[in-house]
Amino acid sequence: MAGIKALISLSFGGAVGLMFLMLGCALPQYNQYWPLFVLFFYILSPIPYCIARRLVDDTDATSNACKELAIFLTTGIVVSAFGLPIVFARAELIYWGACALVLTGNTVIFATILGFFLVFGSNDDFSWQQW
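Under the annotation held in an unreviewed UniProt entry, the protein carries the name Leptin receptor overlapping transcript-like 1 and is attributed to Patagioenas fasciata monilis. Per UniProt, the protein has the following entry under Subcellular location (unreviewed entry): "Membrane". Heading Sequence similarities (unreviewed entry) of the UniProt record for the protein holds this comment: "Belongs to the OB-RGRP/VPS55 family."

Here it is as structure tokens:
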């Protein structure tokens, strides 16, 4: 039953994060849809770590170069997702209020993605090797 509660809270977090992103785009005073490009970063961010988990043997306690590279690439994608709205606001493509809403949505979405990997990342019941 704890898995169902975690899944519901993670989906609520994702919905709240996407709501902030949509508010940053669709409110009448902002009305610019450039911030939707951060959706690509939401999709790309878990991919390096999922590939590394699939390729790496977890029985070794030491650090692995493949896993370290995956964490590095994931960090670069997350930093890019936070930097893109700021670049848009500095270039005056979007307003700073829209930038703040998008950054809030980024924080909530990436916390949700992190929560997913913390809750469902262990190899007890659920594993990516099933897929």
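**Student:** Just to check I follow, could you spell out the packing of helix α4 (residues 65–90) against helix α5 (residues 96–120) for this structure?
**Tutor:** In helix packing, the relevant descriptors are the interaxial angle and the interaxial distance, both defined with respect to the helix axes. Axis separation between α4 and α5 bottoms out at 9 Å; the angle between their running directions is 175°. With respect to their mutual orientation, α4 and α5 come out roughly antiparallel. Contacts from Val78, Ala81, Phe82, Pro85, Ile86, Ala89 and Arg90 of α4 reach α5 at Trp96, Cys99, Val102, Leu103, Asn106, Thr107 and Phe110. Residues belonging to the contact of α4 with α5 are distributed by class as follows: 11 nonpolar, 2 polar and 1 charged.

**Student:** Looking at this structure, how should I read the packing of aromatic side chains?
**Tutor:** Within a pair of aromatic rings, the relevant descriptors are the distance that separates the centres and the angle that separates the planes. Taken as a whole and judged by the stated rule, the model has 8 aromatic pairs. When the centroid spacing of 5.7 Å and the interplanar angle of 85° are considered together, the rings of tyrosine 49 and phenylalanine 117 count as edge-to-face. Of this pair, tyrosine 49 sits in helix α3 (residues 47–55) while phenylalanine 117 is found in helix α5, placing the two residues 68 residues apart along the sequence. The exposure class of tyrosine 49 is partly exposed, given its relative accessible area of 24%. Put simply, the rings of Trp34, Phe37, Phe40 and Phe88 pair up and form one aromatic cluster.

**Student:** Honestly, the packing of α3 against α4 in this entry has me stumped. Any pointers?
**Tutor:** With their axes 8 Å apart at the nearest point, α3 and α4 run at an angle of 170° to one another. With respect to α4, the axis of α3 lies roughly antiparallel. Contacts from Pro48, Tyr49 and Ala52 of α3 reach α4 at Cys66, Lys67, Ala70, Ile71, Leu73, Thr74 and Ile77. Taken together, the residues of the contact of α3 with α4 break down into 8 nonpolar, 1 polar and 1 charged.

**Student:** Honestly, the UniProt feature "transmembrane region" (unreviewed entry) in the protein in this entry has me stumped. Any pointers?
**Tutor:** Summarizing the sequence annotation, UniProt attributes the feature "transmembrane region" (unreviewed entry) to residues 7–30, 36–56, 68–88 and 94–120 in the numbering used throughout. Annotated as 76% helix and 0% strand, the span residues 36–56 places its first and last C-alpha atoms 33 Å apart. Taken end to end, residues 68–88 comprises 100% helix and 0% strand; its first and last C-alpha atoms sit 30 Å apart.

**Student:** When you look at the environment of alanine 89 in this model, what are you seeing that I'm missing?
**Tutor:** Position of alanine 89 relative to the elements: it lies in helix α4. Between the alpha carbons of alanine 89 and proline 35 there is a distance of 9.8 Å; along the sequence they are 54 residues apart. Not counting the four nearest positions on each side in its chain, alanine 89 is found in contact with Ile94, Trp96 and Cys99.

**Student:** Would you mind showing me how to read the nonpolar core here?
**Tutor:** Nonpolar side chains in soluble globular proteins generally cluster together in the buried interior. In terms of nonpolar packing, the biggest core is built from 9 residues, these being Leu21, Val38, Phe41, Tyr42, Ile77, Ala81, Val102, Ile109 and Phe110. Elements supplying a minimum of two residues to this core: α2 (38–44), α4 and α5. Apart from the residues lying within four places of it in its own chain, the contact partners of isoleucine 109 are Gly14, Gly17, Leu18 and Tyr42. Core analysis: the next-biggest nonpolar cluster, separate from the first, contains 7 residues, Tyr30, Phe88, Ala89 and Ala98 among them.

Thresholds, definitions, all that
Numbers given for residues are sequential positions, taken from 1 along each chain in its written order. Only residues with pLDDT of at least 70 are given local features in this predicted model, and only at 80 or more are side-chain atom pairs given and counted; all residues enter the totals for whole chains, interfaces and linings. Only hydrogens and water are removed before side-chain values are computed, so all heavy atoms of the structure are retained for them. UniProt positions are given in the numbering used here, feature names are shortened, and annotations may be inferred rather than shown by experiment. Axis definition: a line fit to C-alpha positions, over the contact stretch in the case of helices; interaxial angles, taken between N-to-C directions, run 0 to 180 degrees. Working definition: helices are DSSP H or I runs of at least four residues, strands are E runs of at least two. Numbering for both runs from the N terminus. If an angle is under 35 degrees, it is roughly parallel; if it is over 145, roughly antiparallel; if it lies from 65 to 115, roughly perpendicular; otherwise it is oblique. Contacts: residue pairs with any heavy atoms within 4.5 Å of one another. Residue polarity is assigned by list, with Asp, Glu, Lys and Arg as charged and Ala, Val, Leu, Ile, Met, Phe, Trp, Tyr, Cys and Pro as nonpolar; anything else, Gly included, falls into the polar class. Ring geometry is summarised as follows: Phe, Tyr and Trp rings, the Trp one being its six-membered ring, pair when their centres sit within 6.5 Å, and such pairs are stacked at plane angles under 30 degrees, edge-to-face over 60 and tilted between the two. When accessible area is computed with a 1.4 Å probe and restricted to protein chains, residues below 20% of their type maximum are described as buried, those above 50% as exposed, and intermediate ones as partly exposed. Buried Ala, Val, Leu, Ile, Met, Phe, Trp, Tyr and Cys residues form a nonpolar core when they are joined through side-chain atoms within 4.5 Å.

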